[in-house]
Structure formats: C-alpha cells, structure tokens
Amino acid sequence: MRKILAIIAMTAICISAVQAQDSTQEREKNTQERVDSLAHVMSMGAIMRDHFVLLATEVSVGTMGYVHSGLDKSSNFIVVQGEHAMVQCAMNNGEMGANGLGGLTVSGRVSNKRVTQDNDGNVSVSFHIFGSRVNADVWIELYKDCDYATAMVMAALSSDRISMSGRLLPYKNDDLHFDD
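Residues numbered from 1 in each chain as written. Predicted model: local features only at pLDDT ≥ 70, side-chain atom pairs only at ≥ 80, totals over all residues. Heavy atoms only, no water.

(A) Spotlight on the packing of aromatic side chains. All told, the structure shown has one aromatic pair when counted by the stated rule. Between Tyr-143 and Tyr-148 the ring centres are 6.2 Å apart and the planes differ by 20°, which places this aromatic pair in the stacked class. (Phe/Tyr/Trp six-rings, centres within 6.5 Å; stacked < 30°, edge-to-face > 60°.)

(B) How the structure looks around a nonpolar patch on the surface. Taken together, the side chains of Leu-38, Val-41 and Met-42 make up a nonpolar region of the molecular surface, amounting to roughly 290 Å² of accessible area. Within the secondary structure, Val-41 is located in helix 1 (residues 2-48). Under the relative-accessibility criterion, Val-41 is labelled exposed at 51%. (Patch = residues over 30% accessible without salt bridge, like charges linked within 9 Å, V, L, I, M, F, W, Y side chains within 5 Å. Areas by Shrake-Rupley, 256 points an atom, 1.4 Å probe, with all protein chains shown as cover. Salt bridge = Lys/Arg side-chain N within 4 Å of Asp/Glu carboxyl O. Helix = DSSP H or I, 4+ residues; strand = E, 2+ residues; numbered from the N terminus. Buried < 20%, exposed > 50% of the residue type's maximum accessible area, 1.4 Å probe, protein only.)

(C) Geometry of the nonpolar core. Counting residues in hydrophobic clusters, the biggest one holds 27 residues, and the most contacted among them are Ile-78, Phe-127 and Ile-140. Beyond its immediate stretch of four places on either side in the chain, Phe-127 contacts Phe-52, Ile-78, Val-80, Ala-85, Val-110, Ser-111, Asn-112, Lys-113, Ala-136, Asp-137, Val-138 and Ile-140. (Core = buried A, V, L, I, M, F, W, Y, C linked by side-chain atoms within 4.5 Å. Contact = heavy atoms within 4.5 Å.)

(D) Representation of unusual backbone geometry. Positioned with a positive phi, Asn-112 is a non-glycine residue whose angle comes to about 55°. Mapped onto the elements of the fold, Asn-112 is located in strand 5 (residues 103-117). Of note in the backbone geometry, Asp-145 takes a positive phi value of approximately 55° without being a glycine. Among the structural elements, Asp-145 can be located in the loop between strand 7 (135-142) and strand 8 (148-155).

(E) The arrangement of the pairing of strand 3 (residues 77-81) in detail. A large share of strand 3 lies buried, amounting to five of its five residues. Burial along strand 3 is two-sided: Phe-77, Val-79 and Gln-81 and Ile-78 and Val-80, pointing in opposite directions, are all buried. Bridge count for strand 1 (residues 51-61) against strand 3 is five bridges, and the pairing is antiparallel. Paired with Phe-52 across the bridge in strand 3 is Val-80. In terms of strand pairing, strand 3 meets strand 4 (residues 84-90) through five bridges, oriented antiparallel. Bridge assignment links Gln-81 to a residue of strand 4, and that residue is His-84. A loop of two residues connects strand 3 with strand 4, the two strands running antiparallel in sequence, and Gly-82 in this loop sits at a positive phi of about 65°. (Pairing = 2+ DSSP bridges.)

Structural data, given as structure tokens:
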C-alpha cells in the first residue's frame, strides 16, 4: 500500500513539474511574441517617418545568388533619413570595389516612395535613389510580427542587383551627412 501511495505521489509531483515547465515555456513564448510584435510596430513607424536603417548581416550580389553571411552590419546597410538615402555594401573580401571596401555605395535623394501592407501583415517599401554618380531602385520587405527584413537594390542602368537581409530599425542620427 505504501508503494502504491509513493508511486501516486511521485506521479503527481512529475505531472505538476511538467505543467509548471509547460506554463513557463508558454509564458516565454508569449513574451517573445509581444517583443517581436512591438519591434515590428516600431519598424513600421520608422518607415512611415522616413527614418530607418536596415542593418544587413547577409548580402547576395548579382544573379548567381552567392550569399555572404556574417558580415559587419556597420558596413552593409540601407539608411533613409527624410528625403536622403544611402545604400552601402562592403564584402571586405580583399578586392577593391567602387567604394574601396569590396562593394559599392549609393547615396542620394529619395523619390517615388511607396509603402504597402499585404493581408498577412508584411510591409513592402519601394523607392528610387537619385545619386550624383549612380541611381538605384530599392525594394524592402518587412516581415510580419518582427523587425527582420530583406531588400533588393538594382542599379537603374544595369541589371546588377544586390539582395540584403537583416534587422530594420528606427534610425536617428543628425550627424549623418549625405554626399549628393
């Protein structure tokens, strides 16, 4: 009889421990969902205010689709501040690029900005950058309930394209100057 009671008590303890673990995991999941949703709302607000930066950790250049991962996000980004924008891609691969960092930089004025949202909650942003040396079209997709985005940049007079992915965040830095 004591063995049966001990087995029942141990079973009850195990069940309550599993339920406690499940409720903790559920709380952590709910908390993460709220954090991701808030990050998405902040990113959307930054897009609407025209003050955002996409910090790219993955970049693909050209049509072959070779992805450069783990890149320095301070060298690979798209930043928009009002009517000015800059796209910088730097592979740091030992090759000299148009910007001296193994990549390219496009800086100029933003025009034809368009923001749409699909039925799933994904936000699309497109605009044109008129630069002094190069013009480019930019398409950004901010995914639902997070601040993760992908972008495609295509030079206006070329079929070359760059795909970038990373976090899209609000950006405010009045010291940033664009060379037009």
